[in-house]
Protein chains: 4
Amino acid sequence: MIRFNCDYSEGAHEKVLEKLIASNREQTQGYGVDPYSMEAKKLIKQLCGKEDADVHFLVGGTQANLTVISAGLRPYQGVIAADTGHIHVHETGAIEACGHKILALSSEDGKITARQIEDCCRAHREDMDREHTVQPKMVYISQSTELGTVYSKEELSEISSVCRKNGLFLFMDGARLGYALAALDGTLTFQDLARLCDVFYIGGTKVGALFGEAVVIVHPSLKEDFRYLIKQKGGMLAKGRLLGLQFLALLEDGLYMEISRHADRLARQLREAFREVGVTFLVENTTNQLFPVLPDRVLEEWKEKYSFAYQKRIDEEHSAVRVCTSWATRQEDVDLLIEDMKKVWEEL
Amino acid sequence: MIRFNCDYSEGAHEKVLEKLIASNREQTQGYGVDPYSMEAKKLIKQLCGKEDADVHFLVGGTQANLTVISAGLRPYQGVIAADTGHIHVHETGAIEACGHKILALSSEDGKITARQIEDCCRAHREDMDREHTVQPKMVYISQSTELGTVYSKEELSEISSVCRKNGLFLFMDGARLGYALAALDGTLTFQDLARLCDVFYIGGTKVGALFGEAVVIVHPSLKEDFRYLIKQKGGMLAKGRLLGLQFLALLEDGLYMEISRHADRLARQLREAFREVGVTFLVENTTNQLFPVLPDRVLEEWKEKYSFAYQKRIDEEHSAVRVCTSWATRQEDVDLLIEDMKKVWEEL
Amino acid sequence: MIRFNCDYSEGAHEKVLEKLIASNREQTQGYGVDPYSMEAKKLIKQLCGKEDADVHFLVGGTQANLTVISAGLRPYQGVIAADTGHIHVHETGAIEACGHKILALSSEDGKITARQIEDCCRAHREDMDREHTVQPKMVYISQSTELGTVYSKEELSEISSVCRKNGLFLFMDGARLGYALAALDGTLTFQDLARLCDVFYIGGTKVGALFGEAVVIVHPSLKEDFRYLIKQKGGMLAKGRLLGLQFLALLEDGLYMEISRHADRLARQLREAFREVGVTFLVENTTNQLFPVLPDRVLEEWKEKYSFAYQKRIDEEHSAVRVCTSWATRQEDVDLLIEDMKKVWEEL
Amino acid sequence: MIRFNCDYSEGAHEKVLEKLIASNREQTQGYGVDPYSMEAKKLIKQLCGKEDADVHFLVGGTQANLTVISAGLRPYQGVIAADTGHIHVHETGAIEACGHKILALSSEDGKITARQIEDCCRAHREDMDREHTVQPKMVYISQSTELGTVYSKEELSEISSVCRKNGLFLFMDGARLGYALAALDGTLTFQDLARLCDVFYIGGTKVGALFGEAVVIVHPSLKEDFRYLIKQKGGMLAKGRLLGLQFLALLEDGLYMEISRHADRLARQLREAFREVGVTFLVENTTNQLFPVLPDRVLEEWKEKYSFAYQKRIDEEHSAVRVCTSWATRQEDVDLLIEDMKKVWEEL
């Protein structure tokens, strides 16, 4: 069985493991104030060109999302997100469990627009019983999105402007940030993110680490007492250096972007092969996730050999599935799938 | 200024006030276990034909909604509601503040259907990562709805069936229950509600009381320790008899339905008059709320004389407004508005 | 049965009722922005000598407590309170339900000291793993306390200083504020409170109103968006004028202090009578609540005639009970109890 | 610098690392349903003699505590704990952030008694305004406690009985379970725990793992939908096998108890050496944590060489510190400290 269903099927990149092994018996302080974590934080601030940013390492995405959102909102404030957003559909109500409403905006491709955000704020402002409605205070976007699409620098700049104008924090979920930046091919940088967002994270779990997300806080209001929130929400890792070490490995020699490009390249090969045999896609995108619409009989035929994530039924004979590549995907597995694809479509 | 903007502009029906005055210097126990509250609870159980129901009096609707929903859900469970539902759009995230997600279903007229509920449950059940999504456990409907429409007995029966089949509690917000039952003209009774819903409330605030909603709990799981929740959520009125006394006045001689019919009748007069001059409505309905689409210049002309609630812009020259009658609306005020209407439309 | 068990057995002072009756059929805006509420707010600001204070009316004490505390704390911050404090022992975890820990300080007489607060803050500051502990941010005190004691102006000044020094909000629960101020006989004024506290409330429920607490917010940080919180927590009364009208009646001609003095005077009569027959008290105090230690056989003998609140067992033959007077207590009932007291103790 | 300040200064036992390395490039399903996690769960059920228990792996202790407690309590219910309990003093209000009050019982040595629990339940039951107080529903104990003490089988049995009698869930925090069981030297077993507790966890973070706690749920009510809660609270590790693999390594050949005994043995050596030079202890215990009362001048002298955790000031010249051994502590480091100890005390 070859797994294309998600981008977290394997362990970690070997360079990550090496660092964990090499430091294993060293004694350090806990809770993320060890030398490795400090060094990794410094490195990330340099990458972002923001010496005064705060960096915190968290174990996973839901944890990062709920902690950041808790930091930014008072009880009656809400977070604007696409109705396809991870926090809205795939975190078991984690944000609501912290007391906050998600103000969901309609989205076809996983993205929301500056205009939609502006409209949402205006509607709130103009409501005569404003106090009876949730006050928008933060915008949550995913880069890349849950549908594999990306925000360009222009789009982000517009969103950033509208957020600043309306007093909203802009929060970018970067669980798949590497794959997005690789797809944008240098037109969007860590520095851009640090300039345009108030807080974002560099995802490790899906990009080469065993686990871990590096939260970069730029806005001063979000920095205050953030570690209290991490602890309270259950995200303070005792052996915090495990996170620092992994991000050191990923970021010190450009490994993060290198493996991200690898995944995007393999995804591109698959995308083109699918297109060649005439397959259409649920949504057009350029990162490590594809959403081809496949005949059910092909899915049936392949079900012991390849694992995909079922996305949704398209018609009586077709379904959209998610096909993921990752830092760990092997060229040979991609080749095999392409080969099988050609064979199957010849027979169709 | 004559207020048609809402149905809570005045104090209470005189019979309600009389009871408060008559008992004012009596000493009773607090917190809703006084003789008046006990008597009112008994009366409500009789009306509902449910001797084993539990009845609790709460001061207002948001309080009732958040307390009932807290009683029914574990932290990862959500409540299904129309996207026009009061809890979704007009309670400042009160439900989310208790930790629960609202699973909003699209609605044009304020109602949701059994089919929509079934689909929502099926989608959850069939999700391979079910545990990453909020589990539907309750359905919230308003009778009448925020758009003045009503559920017929047939519709309610279907919704009730689908709820029972899927293990969902059915909760009816009855802030305007009197106006709904009056409009349904005997085809839906308190007994029907007690049979079809797991919990519902008989609204007093908008139907003759100073304040107060009588929550009727039918499902045993929702009854347990409900008073703890009332207290915790800040809804335990020290002088609880104030609530019992008001519901006694409203319910003991049929006053509740009598004043509800009054409001619906006056609304019908307005509706017909509007229709006669060619006005259309945002939504068709039969209760005490109308949503006529009016020329902005008429609204401008009337703004010192009549108060309506602005609902939404329709086009560059027209807006939909909400016009409410209530138990307290005077025939002469309705006549005056109709007269003005005719005059204005002649001149248009 | 004559009730001395609490101070909320009756309805409202007649002047309060009169205002409700007189305005009953008037139409006003809802949610506390009607002319009566505005006037009452203005009056309260004048009483407090703080034109820039914000005043909000809430229905009850638990609601007021949870709303104010929610306004003042971020999720990881806690509120310091006496371990006898109402929020700690008698609100079913309402504060915790809003996500906040109560940092309970040991108290014998219901009061806490500036020194205890200072120590609590220092302990937090000096903790090496500070972020693993709840950060103190607010102090909650009751005036009068749950044990009927009062803070003098000197004590309050010390507490206020230590709060300001440590960046803590000082919040005074004034459910029985009238009885406290009356007992302090002019040595502490509303102006003093507005100067020393960041937020406090003037209790109506126990001092002549049907229900209602007037929250006075002095600190700017607590003012922001307070109405959103009121709505979210279920405390936004639709017919908000009911609250404004009551406080107008209570405060416009000095009625509030007049009826408070009445209650304290009757309590003093009872206290002296108990003392004369040799009864001791669980705690010494001067307001409308007494805590005499009585022989169980006397309690048994009186149980059909007088209602007291059981407080705690003292020894095998004695219990402490709470005896309350209020704005509504009749001199003749106090006389009767004193008479019975003398009779019983003669026979003992 | 030799660290004795805590038991999580190093990485993981080498056998744990080996398993992670060996499986690194394998593809498995995520979220804890991979073959390794399944095997580890099976092994734990066997150890506990409970085939029908549910086992879940969580990353850390605070996360485990808040998830389990959320699973067991309705909003108005609270958890009884020692006032020294980790959840009460060292988790930044994580439990309160989930909405629940901790009912803290006074404790000198970190333990609470069956009698204290019984009294707490009785007080609640007998309160006339029961609904105004938090309802006890769970008991939280730590084994070993935060002060290094342990509950014997007899004590646990008594606590278990009183819990069952009063309808309370018994929850044991086993962050240091290995050290407790080793100290009890076979008189308390995993099977005993599974019989006496409703839920407990086997701590990995402090006993040989990089991170991880294995939650064992015995009571059926706590099992239902537990994975939803894990996800919602941010504790669902994407690469869940990392947890399964570590517990496999720790438990399959008795490694867990072997390294626990090692830590306790070294602690015993230190304890005896301290005692020999005349040092007293804040509390008597037998596990891997010691709390010697040391002269400040000795602490000052050692501060560059040894790291201890400051516990509390005893008098003007003495402080209690925490000295920890762990699975990773080296005999040579213990020997060095003992040697230094002797030298220093000779000179005193």
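Here the structure is shown first, and the text comes after it.
Bear in mind that the values here come from a model prediction, so they are computed numbers and not experimental data.

Chemist: Is there a simple way to think about helix α8 (residues 177-184) of chain C in this case?
Modeler: Spacing of three or four residues puts side chains on the same side of an α-helix, whose turn is 3.6 residues. Residues and elements named next belong to chain C. Taken across its eight residues, α8 has seven buried, putting it largely inside the fold. Looking only at α8, the buried set comprises Leu177, Gly178, Tyr179, Ala180, Leu181, Ala182 and Leu184. Once α8 ends, the next one or two residues include Asp185, with phi positive near 55°.

Chemist: I'm lost on the interface of chain A and chain B in this one. Help?
Modeler: The extent of an interface is frequently quoted as the accessible surface area lost upon association of the parts. Of the residues lining the interface, 20 residues belong to chain A; the matching set on chain B comes to 20 residues. With both chains or domains summed, chain A and chain B bury close to 1500 Å², and 52% of this area falls on carbon and sulfur atoms. On inspection of chain A and its partner chain B, the count reaches two salt bridges. Here A:Glu96 ties to B:Lys101 by a salt bridge, and the two come within 2.5 Å at their closest N and O atoms.

Chemist: Teacher, can you tell me more about the packing of helix α12 (residues 241-251) of chain B against helix α13 (residues 255-276) of chain B here?
Modeler: Two measures define how a pair of helices packs: the angle their axes make with one another and the distance between the axes. All names here are of chain B. For the pair α12 and α13, the least separation of the axes is 5 Å and the interaxial angle reads 70°. Relative to α13, α12 is oriented roughly perpendicular. Facing α12, whose interface residues are Ala249, Leu250 and Leu251, α13 presents Leu255, Tyr256 and Ile259. Taken together, the residues that form the contact of α12 with α13 break down as six nonpolar, no polar and no charged.

Chemist: I keep staring at the relation of the copies chain A and chain B and nothing clicks. Help me out?
Modeler: Two copies of a chain can be linked by a rotation about an axis combined with a shift along that same axis. Turning chain A through 180° and shifting it by 0.0 Å along the axis lays it on chain B, with an RMSD of 0.0 Å. On the angle and the small slide along the axis, the relation comes out as a two-fold axis. Comparing contact sets, 100% of the residues at the interface of chain A also lie at the interface in chain B, consistent with an isologous, same-surface contact.

Chemist: What is the right way to read the pairing of strand β13 (residues 318-324) of chain D from this model?
Modeler: Two faces belong to every sheet, and in a regular strand the side chains alternate between them. Residues and elements named next belong to chain D. Of all seven residues that make up β13, six are buried, and the element is covered over most of its length. When strand β9 (residues 289-290) meets β13, the two strands line up antiparallel, connected through two bridges. By the bridge assignment, Gln289 is partnered in β13 with Cys324. By the bridge criterion, three bridges tie strand β10 (residues 293-295) to β13 in an arrangement that is antiparallel. If you follow Val293 over to β13, its bridge partner there is Ala320. As paired strands, strand β12 (residues 309-315) and β13 are joined by five bridges and run antiparallel to one another. By the bridge assignment, Arg313 is partnered in β13 with Ser319. Linking β12 to β13, which pair antiparallel, is a turn of two residues.

Chemist: In this structure, what is going on with the side chain of B:Arg227? I would like to understand it.
Modeler: Structurally, B:Arg227 can be placed in helix α11 (residues 226-232). A polar contact is formed between the side chain of B:Arg227 and the side chain of D:Glu131, at a distance of 3.0 Å. Excluding anything up to four places from it in sequence, B:Arg227 contacts B:Tyr31, B:Val33, B:His56, B:Met236 and D:Glu131.

Chemist: How do you make sense of the sheet that holds strand β6 (residues 169-173) of chain A when you look at a structure like this?
Modeler: Picture the strands of a sheet paired through backbone hydrogen bonds; they go either parallel or antiparallel. Residue and element names in this part refer to chain A. Strands sit in the order β2-β8-β7-β6-β5-β3-β4 across an open sheet of seven strands; the sheet is mixed. Every interior strand has two partners, whereas the edge strands, β2 (54-58) and β4 (102-105), have only one. Shown here is a sheet whose adjacent strand axes are inclined to one another by a mean of 25°, direction ignored. The strands touched by helix α6 (residues 114-126) are β3 (77-82), β4 and β5 (135-142); relative to β5, the strand with the most contacts, the crossing angle is about 165°.

Chemist: Looking at this model, I keep getting lost on the pattern of salt bridges. Mind explaining?
Modeler: Two side chains with opposite charge may pair up if their charged atoms get near one another. Under the counting rule described, the total for this entry stands at 76 salt bridges over all chains. With its nearest N and O atoms 3.5 Å apart, the salt bridge here joins B:Glu332 to B:Arg330. When its relative accessible area of 44% is taken as the criterion, B:Arg330 is described as partly exposed. The partner of D:Glu155 in a salt bridge is D:Lys111, and the shortest N-O contact between them spans 3.0 Å. Note that D:Glu155 is positioned in helix α7 (residues 153-166) and D:Lys111 in the loop between β4 (102-105) and α6 (114-126), a separation of 44 residues in sequence. Of the residues examined, D:Glu155 reaches a relative accessible area of 30% and is grouped as partly exposed. Connected through salt bridges with shared partners, the residues A:Arg115, A:Asp119 and A:Arg122 form a single ionic network.

Chemist: Would you take a moment to explain the environment of D:Ala104 for this structure?
Modeler: All names here are of chain D. Position of Ala104 among the secondary structure elements: in strand β4. Given a relative accessible area of 37%, Ala104 falls into the partly exposed group. It is 8.3 Å that separates the C-alpha atoms of Ala104 and Val79, two residues lying 25 residues apart in sequence. When sequence neighbours within four positions are dropped, the list of residues in contact with Ala104 reads Ala81, Asp83 and His88.

Chemist: Just to check I follow, could you spell out the interface of chain A and chain D for this structure?
Modeler: On the chain D side, the residues contacting the 46 residues of chain A number 46 residues. Interface of chain A and chain D: buried area, both sides summed, is about 4100 Å²; carbon and sulfur atoms make up 52% of it. Interface area lost by chain A to chain D is led by A:Arg25, A:Gln27 and A:Lys239, which between them contribute 18%. Inspection of the region where chain A meets chain D yields two salt bridges. Between A:Glu14 and D:Arg25 there is a salt bridge whose closest N-O contact spans 3.0 Å. Summed over the shared surface of chain A and chain D, the result is 32 residue pairs in polar contact (both at pLDDT 80 or more). Counting residues per element, the ones that place at least two in the side of chain A that touches chain D are β1 (2-3), α1 (14-22), α3 (61-72), α5 (94-97), α11 (226-232) and α12 (241-252) of chain A.

Chemist: What's the story with helix α7 (residues 153-165) of chain A in this structure? I'm lost.
Modeler: Residue and element names in this part refer to chain A. For α7, built from 13 residues, the straight-helix expectation of 18 Å at 1.5 Å per residue is met to within 8% by its first-to-last C-alpha distance of 18 Å. Among all positions of α7, only Leu156, Ile159, Ser160, Val162 and Cys163 are buried. One side of α7 carries all its buried residues, which in axial view fall inside an arc of 165°. Turned more than 90 degrees from where α7 packs its buried face, Glu154 and Lys165 sit exposed. On the buried face of α7, the contacting elements are α6, β5, β6 and α9 (190-196). Gly167, located one to two residues past α7, shows a positive phi value of around 70°.

Thresholds applied
- Residue numbering note: each chain is counted from 1, following its sequence as written.
- Here the convention is simple: chains get letters from A, ligands get numbers from 1, in the order in which they are written.
- Confidence filtering applies because this is a predicted model: local features only for residues at pLDDT of at least 70, side-chain atom pairs given and counted only at 80 or more, and all residues used for totals across whole chains, interfaces and linings.
- Only hydrogens and water are set aside; all other atoms, that is, all heavy atoms of the structure, feed into the side-chain values.
- Whether a residue is buried, partly exposed or exposed follows from its accessible area with a 1.4 Å probe, protein chains only, as a fraction of its type maximum: under 20%, in between, or over 50%, in that order.
- Secondary structure follows DSSP: runs of H or I at least 4 residues long count as helices, runs of E at least 2 residues long count as strands, and numbering of each begins at the N terminus.
- Residues count as neighbours in contact if any of their non-hydrogen atoms are within 4.5 Å of one another.
- What gets called buried area is simply the loss in accessible area from a 1.4 Å probe that two parts show on being joined, summed for both.
- Any Lys or Arg side-chain nitrogen located within 4 Å of an Asp or Glu carboxyl oxygen qualifies as a salt bridge.
- Axes here mean lines fitted to C-alpha atoms, for a helix over just the part in contact, with angles spanning 0 to 180 degrees between N-to-C directions.
- An angle below 35 degrees is treated as roughly parallel, one above 145 as roughly antiparallel, one from 65 to 115 as roughly perpendicular, and anything else as oblique.
- Residue type decides the class: Asp, Glu, Lys and Arg count as charged, Ala, Val, Leu, Ile, Met, Phe, Trp, Tyr, Cys and Pro as nonpolar, and the leftover types, Gly among them, as polar.
- We place the copies in one frame by least squares, fitting the C-alpha atoms of every residue whose pLDDT is at least 70 in both.
- Pairing between strands requires that DSSP locate at least two bridges from one strand to the other.
- We call two N or O atoms a polar contact when they sit within 3.5 Å, provided that within protein one can donate a hydrogen and the other can accept it, with sequence-adjacent residues counted only if both atoms are side-chain atoms.
- A helix is expected to reach a length of 1.5 Å times the quantity of its residues less one.
- The directions considered for the arc are those from the helix axis to the C-beta atoms.

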